[in-house]
Amino acid sequence: MEESDSEKKMEKENLGPRMDPPIGEPEGSLGWVLPNPAMKKKVLLMGKSGSGKTSMRSIIFANYIARDTRRLGATRTERRIGACEGGSAREVVGVTSEAERREFFEKCSQQCRTVEVDVEHSHVRFLGNLVLNLWDCGGQDNFMENYFTSQRDNIFRNVEVLIYVFDVESRELEKDMHYYQSCLEAILQNSPDAKIFCLVHKMDLVQEDQRDLIFKEREEDLRRLSRPLECSCFRTSIWDETLYKAWSSIVYQLIPNVQQLEMNLRNFAEIIEADEVLLFERATFLVISHYQCKEQRDAHRFEKISNIIKQFKLSCSKLAASFQSMEVRNSNFAAFIDIFTSNTYVMVVMSDPSIPSAATLINIRNARKHFEKLERVDGPKQCLLMR
């Protein structure tokens, strides 16, 4: 199998081992591990070529920074599929020695065919048991037509979330809308319960005083075209916090026990007398839950924090250092960011100057075990009780 450099980097920096089956190898074979189907959520990422799908996926899930996405090419890869006499490449599972393995592939190489693949698959482990099965669908015209004809059932079956990305400056808006409606028809037929998200992307290219008006018009058009399905619309750009706001909202819809998580986060905040508590997914730093006791002025603070801390973590990694915790304090408040569970970070904001830092850190440490249990979807339904 040959992969693009961008795909290799994304797999290397992903949250866990790649879990895709080898080409030609059936699910459940010795070559890979299939996660619990109940916790495997299929997410379609679609849109016209050049709309920015792969760039945003790289930033959120593969630790790219915005300027590095410029070198990413279109979603279009070539893979070599073995077609040996008497079977396919799955027979390599039975090869034991390295010499036999080399001989097997040398025998296959003469009978291999190179095929163009129009969908990049990546499995991202998120919050322990939850696995996002992300399908990044190439947006070239010939690919899009195939999705709605020969690949229709394969692409649109068992979809939990459809994310459709629109380039706000596209010169083919009518074609974009046509493809979007075709996606909705296929979703309605194959996955009628799927959640629909539309991202109006590259908003940084629009004059600032025109952004609200253009987005509102586009949102109204998309909501009308989506009926009888409902869609949630977000304006996004890879250059600011809007990308994190959109993806946090998307992932929030996929967390199975999110209401229980929020209830316990509220109890935790009230027990330690915090102004606000935020829970971030550990690798992506997307906000997955929060509770606030006091009104805050900045409505976009969550996404800004995600963006800032993610960039800081990347800076640490370039110096071969790992980010673990941070305390920011002034005369008005103290903010603590610390590792919480094996899959999350927590941020606690305190405004009471009489509460020492050590007390807050001890409270965070004492709550870890309880929240670890909550992350196990099949675990006991417990609640952090007020004392």
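Here, every reference points to the structure presented above.
The shown structure was predicted, so the numbers you read here are calculated from the model rather than taken from an experiment.

Conventions we followed
- Residues numbered from 1 in each chain as written.
- Predicted model: local features only at pLDDT ≥ 70, side-chain atom pairs only at ≥ 80, totals over all residues.
- Heavy atoms only, no water.
- Helix = DSSP H or I, 4+ residues; strand = E, 2+ residues; numbered from the N terminus.
- Buried < 20%, exposed > 50% of the residue type's maximum accessible area, 1.4 Å probe, protein only.
- Contact = heavy atoms within 4.5 Å.
- Areas by Shrake-Rupley, 256 points an atom, 1.4 Å probe, with all protein chains shown as cover.
- Pairing = 2+ DSSP bridges.
- Core = buried A, V, L, I, M, F, W, Y, C linked by side-chain atoms within 4.5 Å.
- Arc of directions from axis to C-beta.
- Axes fitted to C-alpha atoms, helices over the stretch in contact; angles between N-to-C directions.
- Parallel < 35°, antiparallel > 145°, perpendicular 65-115°, else oblique.
- Nonpolar A, V, L, I, M, F, W, Y, C, P; charged D, E, K, R; others polar.
- Expected span 1.5 Å × (residues − 1).

(A) Local environment of the overall build of the protein chain. Regarding its fold elements, the protein chain presents eleven helices and 13 strands. Counting only residues that meet the buried cut, the protein chain has 50% of its 387 residues in that class. Taking the contacts inside the protein chain whose residues are at least 6 apart along the sequence as the reference set, 69% of them involve residues at least 24 apart. Carbon and sulfur atoms provide 48% of the accessible area of the protein chain, an area that totals close to 19,800 Å².

(B) Broad picture of the pairing of strand β10 (residues 287-292). Summarising the sheet, strand β9 (residues 276-281) and β10 pair through five bridges and their orientation is antiparallel. Across the sheet, the residue bridging to Phe280 is Val287, located in β10.

(C) Seen up close, the nonpolar core. Membership of the largest hydrophobic core comes to 53 residues, with the highest contact counts inside it found for Ile163, Trp247 and Val348. When near neighbours in sequence (up to four residues on either side) are disregarded, Trp247 contacts Leu45, Met56, Ile60, Phe61, Ile163, Leu199 and Leu286.

(D) Representation of helix α4 (residues 141-148) in the model. Of all the residues in α4, the buried ones are Phe143, Met144, Tyr147 and Phe148. Looking straight down α4, one finds that the buried residues subtend no more than 135° of arc, so they occupy a single side.

(E) Inspection of the sheet that holds strand β1 (residues 40-47) at higher detail. Pairing is mixed in the open sheet, where six strands are placed in the order β4-β5-β1-β6-β7-β8. In this open sheet, the two edge strands, each paired with only one partner strand, are β4 (119-126) and β8 (231-235). Strand-to-strand twist of the sheet, defined as the mean angle between neighbouring strand axes without regard to direction, takes the value 20°. Pairing between β4 and strand β5 (residues 130-137): eight bridges, direction antiparallel. Bridging across to β5, Glu120 finds its partner in Asp136. Packed onto the sheet, helix α2 (residues 53-61) meets β1, β4, β5, β6 (161-167) and β7 (195-201) and runs at close to 155° relative to β5.

(F) Quick look at the sheet that holds strand β13 (residues 344-350). Strand order in the open sheet made by the five strands is β10-β9-β13-β12-β11, with antiparallel pairing throughout. Two strands close off the open sheet at either side, each with one partner strand: β10 and β11 (325-329). Taking the axes of each pair of neighbouring strands and ignoring which way they run, one obtains an average angle of 15° across the sheet. Along the sheet, helix α9 (residues 258-271) contacts β9, β10 and β13; its crossing angle with β10, the most-contacted strand, is approximately 40°. Its contacts with the sheet place helix α10 (residues 301-318) against β9, β10, β11, β12 (334-341) and β13, and it is angled at close to 50° to β9.

(G) Summary view of unusual backbone geometry. For the peptide bond that leads from Arg227 to Pro228, omega is 10°, which places it in the cis range. Mapped onto the elements of the fold, Pro228 is located in the loop between α7 (211-226) and β8. At Asn158, a residue that is not glycine, the phi angle is positive and equals roughly 60°. With respect to the element layout, Asn158 can be found in the loop between α5 (152-156) and β6. A positive phi angle, near 60°, is found at Glu273, a position not held by glycine. For Glu273, the location among the structural elements is in the loop between α9 and β9.

(H) Focus on the packing of α2 against helix α8 (residues 242-252). Where α2 contacts α8, the axes come no closer than 11 Å and their chain directions differ by 80°. One way to sum up the angle between α2 and α8 is to call them roughly perpendicular. Counting all contacts with α2, which are made through Met56, Ile59, Ile60 and Phe61, the residues of α8 involved are Leu243, Tyr244 and Trp247. Residue composition of the contact of α2 with α8, by class: seven nonpolar, no polar and no charged.

(I) How the structure looks around helix α11 (residues 357-375). Taking 1.5 Å per residue as the helical rise, α11 with its 19 residues ought to reach 27 Å, and the 27 Å between its terminal C-alpha atoms agrees with that figure. Residues of α11 that are buried include every one of Ser357, Thr360, Ile364, Ala367, His370, Phe371, Leu374 and Glu375, and no others. Residues of α11 that are buried in the fold lie against α9, β11, β12 and β13.

(J) Main features of the pairing of β13. With seven of seven residues buried, β13 lies mostly within the body of the structure. Residue alternation in β13 divides its side chains into two sets, Thr344, Val346, Val348 and Met350 and Tyr345, Met347 and Val349, and both sets are buried. Where β9 meets β13, six bridges bridge the pair, whose relative direction is antiparallel. The residue of β13 that forms the bridge with Glu276 is Val349. Strand direction decides the pairing type here: β12 and β13, joined by seven bridges, are antiparallel. From the neighbouring strand, Ile339 faces β13, where its bridge partner is Tyr345. Taking the residues between adjacent antiparallel strands as the criterion, β12 and β13 are bridged by two residues.

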